[in-house]
Amino acid sequence: MSVPTATVDTGPPVVAVGTRDRLLLAAARILSRRGYTEARLGEIAAAADLKAPAIYYHFAGRDALITAALREGQILVRQHVLAALESLDDEASAEERILAAVDAHLRVELELSDFANAVVRTAGHVPPQIRADIEGEITAYHDVWRELLASAEHAGRLRPGLDHSVARMLVLGSLNWAAEWRTAATSVDDVVDTASTLVRGALFRTA
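From a predicted model like this one, the values you see are computed outputs, not experimental measurements.

Rules of the game
Residues numbered from 1 in each chain as written. Predicted model: local features only at pLDDT ≥ 70, side-chain atom pairs only at ≥ 80, totals over all residues. Heavy atoms only, no water. Helix = DSSP H or I, 4+ residues; strand = E, 2+ residues; numbered from the N terminus. Rg over C-alpha atoms; globule rule 2.2 N^0.38 Å. Contact = heavy atoms within 4.5 Å. Lys, Arg positive; Asp, Glu negative; His and termini not counted. Charge placed at Lys NZ, Arg CZ, Asp CG, Glu CD. Axes fitted to C-alpha atoms, helices over the stretch in contact; angles between N-to-C directions. Parallel < 35°, antiparallel > 145°, perpendicular 65-115°, else oblique. Left-handed = near helix turned anticlockwise from the far one by under 90°. Nonpolar A, V, L, I, M, F, W, Y, C, P; charged D, E, K, R; others polar. Expected span 1.5 Å × (residues − 1). Buried < 20%, exposed > 50% of the residue type's maximum accessible area, 1.4 Å probe, protein only. Arc of directions from axis to C-beta. Polar contact = N/O pair within 3.5 Å; in protein donor to acceptor, adjacent residues only side chain to side chain. Salt bridge = Lys/Arg side-chain N within 4 Å of Asp/Glu carboxyl O. Patch = residues over 30% accessible without salt bridge, like charges linked within 9 Å, V, L, I, M, F, W, Y side chains within 5 Å. Areas by Shrake-Rupley, 256 points an atom, 1.4 Å probe, with all protein chains shown as cover.

## Describing the overall build of the chain
Assigned secondary structure in the chain consists of eight helices and zero strands. Whereas a compact globule of 207 residues would reach a radius of gyration of roughly 17 Å, the chain reaches 18 Å, a difference of no more than 12%. When the backbone C-alpha atoms are referred to their principal axes, the chain occupies close to 60 × 35 × 30 Å. By sequence separation, contacts in the chain at least 24 residues apart represent 73% of the contacts at least 6 residues apart. For the chain, the distance from the average position of its 21 positive side-chain charges to the average position of its 28 negative side-chain charges is 5 Å.

## Details of the packing of helix α4 (residues 94-112) against helix α6 (residues 128-154)
Interaxial distance between α4 and α6 falls to 8 Å at its minimum, and their mutual angle equals 155°. By the angle class used here, α4 and α6 are roughly antiparallel. When you trace α4 past α6, the crossing you get is left-handed. Contacts between α4 and α6 involve Ala94, Arg97, Ile98, Ala101, Val102 and His105 from the first element and Tyr141, Trp145, Leu148, Leu149, Ser151 and Ala152 from the second. Taken together, the residues of the contact of α4 with α6 break down into nine nonpolar, two polar and one charged.

## Overview of helix α1 (residues 19-34)
Helix length check: α1 (16 residues) gives 22 Å between terminal C-alpha atoms against 22 Å at 1.5 Å per residue, within 8%. Along α1, the residues that are buried comprise Arg22, Leu23, Leu24, Ala26, Ala27, Ala28, Arg29, Ile30, Leu31, Ser32 and Arg34. Among the structural elements, α2 (41-47), α3 (62-86) and α5 (114-122) are those in contact with the buried residues of α1. Where α1 ends, the next residue or the one after it, Gly35, has phi of about 90°, a positive value.

## Focus: helix α7 (residues 164-181)
Counted at 1.5 Å a residue, the expected span for α7 with its 18 residues is 26 Å, and the 26 Å between its end C-alpha atoms agrees. Looking at α7, one finds that the buried residues are Ala167, Arg168, Val171, Leu172, Leu175, Ala178 and Ala179. Projected down its long axis, α7 shows its buried positions confined to an angular sector of 130°, all on one face. Exposed and facing more than 90 degrees away from the buried side of α7 are Leu170 and Trp177. With a side-chain oxygen lying 3.0 Å from the backbone nitrogen of Ser165, the N-terminal cap of α7 falls on Asp163.

## Thoughts on the side chain of Ser196
Along the polypeptide, Ser196 turns up in helix α8 (residues 188-203). Classification of Ser196 by relative accessible area gives buried; the value is 11%.

## What about the pattern of salt bridges?
Going through the model one piece at a time under the given rule, you end up with twelve salt bridges. Two residues, Arg33 and Asp114, come together in a salt bridge whose shortest N-O distance is 3.5 Å. In this pair, Arg33 sits in helix α1 while Asp114 sits in helix α5, placing the two residues 81 residues apart along the sequence. By relative accessible area, Asp114 is classed as partly exposed at 30%. The shortest N-O distance in the salt bridge between Arg200 and Glu95 comes to 3.1 Å. One end of the pair, Arg200, is in helix α8; the other, Glu95, is in helix α4, and 105 residues separate them in sequence. Overall, Arg200 belongs to the partly exposed group, its relative accessible area being 37%. One continuous salt-bridge network, built from bridges that share partners, spans Asp103, Arg107, Glu111 and Asp189.

## Observations regarding a negative patch on the surface
A cluster of like negative charges, contributed by Asp89, Asp90, Glu91 and Glu96, occupies part of the molecular surface. Among the structural elements, Asp89 can be located in the loop between α3 and α4. For Asp89, a relative accessible area of 55% corresponds to the exposed category.

All we've got here are geometric facts, nothing functional implied.
Structure below.
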């Protein structure tokens, strides 16, 4: 049975420096809990501790606000994963780099950011125009994974005959889906550890 809309906890009012930032944070929070179709302007405004008409001083409407929030989320995921990769030792193996990306993706999605959670849960369910507006950022993030897989193949670590495109989509799809099914009963550490085991076994040579 689905949870009645009125019972979904959207948390306390968002606190941020500027009104636009408050609206973006509130939109990300609502999207991460409700999804695109149930994200209402009035509720977003209330979460930002604003009146609904204030939204129109900063955004043309609901979809413009949602587009901006999702773009912020996609940028945040990419930046977080890139920061994790940059923190690795120069001698880190291709396998270590991919598993670090798995770890960073899941942690920003599941415990660090409503923006990240919103984009991984919502980007595949928005109208075509919103998807088109954030496609550049989605492509930029997929490019990070294209490079990771290409480097692993160059190092001779990938399984022979592995289709990079299919592998990338399956890995990212499974990582993103964790936001849909994970509950407090399953720790983020358990999700990360299990995902790392699965990715290691699926992508890499055994010897």
